[in-house]
Amino acid sequence: MFDEICVALGEEDNMEQSLTDTKEIARKIMDINEIAYTTYKPIVDDICTRKAPESEVEHLLDYMVGICNDERMLQLFKQVCRSYIDIYPRVITAEIYTYKEMYEES
């Protein structure tokens, strides 16, 4: 029914273009997520194998929290949090609260 109305109004081309644009945006988001993961994975692996200074852990998590919309990035974020919760509980707790504010519904 909706398609018929759009055709009658001459909007079929606009719908197709919107669908194409939406698919392109989704593809670019997936590309960005892939770049973020491949960039952060070795950094996370490194920081989790040593005792990094508090400021380094905090900066890393600050950067990562903004891109935790991807499941793999969220897993990396959690990996750092789990590795450092006993060492820097204040920083890790603050980053977890930041994550919750950004991604979880109230």
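Small disclaimer: the values here were computed from a predicted structure and weren't measured. (Residues numbered from 1 in each chain as written. Predicted model: local features only at pLDDT ≥ 70, side-chain atom pairs only at ≥ 80, totals over all residues. Heavy atoms only, no water.)

This part is about helix H4 (residues 71-84). The end-to-end C-alpha separation of H4 is 20 Å, in line with the 20 Å expected for 14 residues at 1.5 Å each. Residues of H4 that are buried: Met73, Leu74, Leu76, Phe77, Val80, Cys81 and Tyr84. Angularly, the buried residues of H4 cover 160 degrees about the axis, an arc narrow enough to put them on a single face. For H4, the capping residue at the N-terminal end is aspartate 70, with a side-chain oxygen 3.1 Å from the backbone nitrogen of arginine 72. (Helix = DSSP H or I, 4+ residues; strand = E, 2+ residues; numbered from the N terminus. Expected span 1.5 Å × (residues − 1). Buried < 20%, exposed > 50% of the residue type's maximum accessible area, 1.4 Å probe, protein only. Arc of directions from axis to C-beta. Polar contact = N/O pair within 3.5 Å; in protein donor to acceptor, adjacent residues only side chain to side chain.)

For soluble globular proteins, the rule of thumb is that nonpolar side chains tend to be buried together. Formed by 22 residues in total, the largest nonpolar core has its most connected members in Val57, Met64, Phe77, Val80 and Tyr84. For this core, the secondary-structure elements that each account for two or more residues are helix H2 (12-47), helix H3 (54-65), H4 and helix H5 (89-103). By residue number, the principal contributor to this core is H4, which donates seven residues. Those residues in contact with valine 57 that sit more than four places away from it in its chain are Ile47, Ala52, Val80, Tyr84, Tyr88 and Ile92. (Core = buried A, V, L, I, M, F, W, Y, C linked by side-chain atoms within 4.5 Å. Contact = heavy atoms within 4.5 Å.)

With that settled, the discussion passes to the side chain of asparagine 33. Of note, asparagine 33 is situated in helix H2. Classification of asparagine 33 as buried rests on a relative accessible area of 13%. Ignoring anything within four residues of it in the chain, the contact list for asparagine 33 reads Asn69, Asp70 and Arg72.

Our focus in this paragraph is the environment of isoleucine 92. With respect to the helices, strands and loops of the structure, isoleucine 92 is situated in helix H5. We classify isoleucine 92 as buried; its relative accessible area is 0%. On a C-alpha basis, the gap between isoleucine 92 and cysteine 81 in space is 5.8 Å, while along the polypeptide they are eleven residues apart. The contact partners of isoleucine 92, leaving out residues within four places of it in the chain, are Val57, Leu61, Cys81, Tyr84 and Ile85.

Taking 1.5 Å of rise per residue, the 15 residues of H5 would be expected to cover 21 Å, and the 21 Å separating its terminal C-alpha atoms lies within 8% of that figure. Looking at H5, one finds that the buried residues are Val91, Ile92, Glu95 and Tyr99. When H5 is viewed along its axis, its buried side chains cluster within an angular range of 95 degrees and face the same direction. Opposite the buried face of H5, by more than 90 degrees, sit the exposed residues Arg90, Tyr97 and Glu101.

Before going further, it helps to examine the pattern of salt bridges. Under the definition given, this model contains ten salt bridges. Between aspartate 45 and lysine 41 there is a salt bridge, with the nearest N and O atoms lying 2.9 Å from each other. Of this pair, aspartate 45 and lysine 41 are both found in helix H2, four residues apart, which corresponds to roughly one turn of the helix. A relative accessible area of 30% places aspartate 45 in the partly exposed class. On the basis of relative accessibility, which here comes to 29%, the residue lysine 41 falls in the partly exposed class. Note that aspartate 70 and arginine 72 form a salt bridge whose closest N and O atoms lie 3.7 Å from each other. (Salt bridge = Lys/Arg side-chain N within 4 Å of Asp/Glu carboxyl O.)

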